[in-house]
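# Remarks on the overall topology
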Amino acid sequence: MLFAHDTECALVAAAALVNTADPDREGLPDVAALDRFFTAHGWSGRHEHTATELRQVRALRPRLRRLWDADTDELVEIVNALLRESRALPQLIRHDDEPYHLHAVPRDAPLATRMAVEAAMAMADLVRTNELSRLRHCDHPDCDNVLVDLSKNRSRRFCDGGCGNRAAVSAYRARRAASHS
């Protein structure tokens, strides 16, 4: 593990949330999809299961996407704004059989607020450890997704959307075509 468990989880969840904003296919089309996202990424605490909550979470996505495109100073500005707007106060918390980890807003804060703060806290760890290069865009030419490279050797190139498999199949087909010509 490169970072604290909660940092890694927050980074992965932030990238996944950003990637739900696909212009061709809405990744959070309804409250049920948000419920599945909530469960898949291990969120706990308040979850209202409402259209308002869904709109708030969707509205967060463009701000988080900017983190993948920003230079260090701009990223810090975004992180600080997210923390300030949320009135974040980091505290060590233990719940749901998880070891102590940081929460910066109460568990009953709105879901979008908790998502923003968790992402901001995780990004702060990347800044402090000079690891912003781990924030990447998928290398597949037809993909606009973001990813967090948590590999030890910094070798991850593709998102979780199947792009690595598509690239491997394309390369295989190109090799076969070249060998048969």
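Residues numbered from 1 in each chain as written. Predicted model: local features only at pLDDT ≥ 70, side-chain atom pairs only at ≥ 80, totals over all residues. Heavy atoms only, no water.

## Considerations on the confidence of the model for the protein
Spelled out, the test is: Looking at any residue, its pLDDT shows the predictor's confidence there, from 0 to 100. Put simply, DSSP marks the helices as runs of H or I at least four residues long and the strands as runs of E at least two long, and each gets a number from the N terminus on.
Put simply, the protein has an average pLDDT of 92, and 99% of its residues get 70 or more. Averaged pLDDT values over the elements of the protein bottom out at 76 in helix α6 (residues 163–179) and peak at 98 in helix α3 (residues 51–69).

## Observations concerning the packing of helix α4 (residues 72–85) against helix α5 (residues 111–128)
Inclusion rule: Axes here mean lines fitted to C-alpha atoms, for a helix over just the part in contact, with angles spanning 0 to 180 degrees between N-to-C directions. In this scheme the handedness of a crossing depends on how the near helix is turned from the far one: anticlockwise by less than a right angle means left-handed, clockwise means right-handed. Contacts: residue pairs with any heavy atoms within 4.5 Å of one another. For this scheme, ten residues count as nonpolar: Ala, Val, Leu, Ile, Met, Phe, Trp, Tyr, Cys and Pro. Four count as charged, namely Asp, Glu, Lys and Arg, and the remainder, Gly too, count as polar.
The contact between α4 and α5 brings their axes to 9 Å, and the two run at 140°. At the point where α4 passes α5, the crossing takes the left-handed sense. The segment α4 lies against α5, with L75, V76, V79, L82 and L83 engaging A116, V117, A120, M121, M123, A124 and V127. Classifying every residue of the contact of α4 with α5 by side-chain character gives 12 nonpolar, no polar and no charged.

## Comments concerning α5
Side chains that are three or four residues apart share a direction in an α-helix, a result of its 3.6 residues per turn. To be explicit about the condition: What a helix is expected to span follows from its residue count: subtract one and scale by 1.5 Å.
In this model, α5 (18 residues) spans 26 Å end to end at C-alpha, consistent with the 26 Å of a helix rising 1.5 Å per residue. N130 sits one or two positions beyond α5 and adopts a positive phi of about 55°.

## Some details on the pattern of salt bridges
Defined as follows: Every case where a carboxyl oxygen of Asp or Glu lies within 4 Å of a side-chain nitrogen of Lys or Arg is listed as a salt bridge. Each residue is placed in one exposure class: buried if its accessible area under a 1.4 Å probe, protein chains only, is under 20% of its type's maximum, exposed if it is over 50%, and partly exposed if it falls in between.
Summed over all chains, the structure comprises 13 salt bridges. One salt bridge connects R65 with D144, and the closest N-O pair in it is separated by 3.9 Å. Taken together, the residues R65 in helix α3 and D144 in the loop between β3 (135–137) and β4 (146–148) connect sequence positions 79 residues apart. On the accessibility criterion, D144 (52% relative accessible area) is exposed. The residue D160 makes a salt bridge to R156 at a minimum N-O spacing of 2.7 Å. Note on D160: relative accessible area 71%, which makes it exposed.

## Quick word on the side chain of E8
Condition: N or O atoms closer than or at 3.5 Å make up a polar contact, with two conditions inside protein: a donor-capable atom paired with an acceptor-capable one, and, for residues adjacent in sequence, both atoms drawn from side chains.
As for its placement among the helices and strands, E8 is situated in helix α1 (residues 5–19). At 2.9 Å, the side chain of E8 and the backbone nitrogen of L2 are in polar contact.

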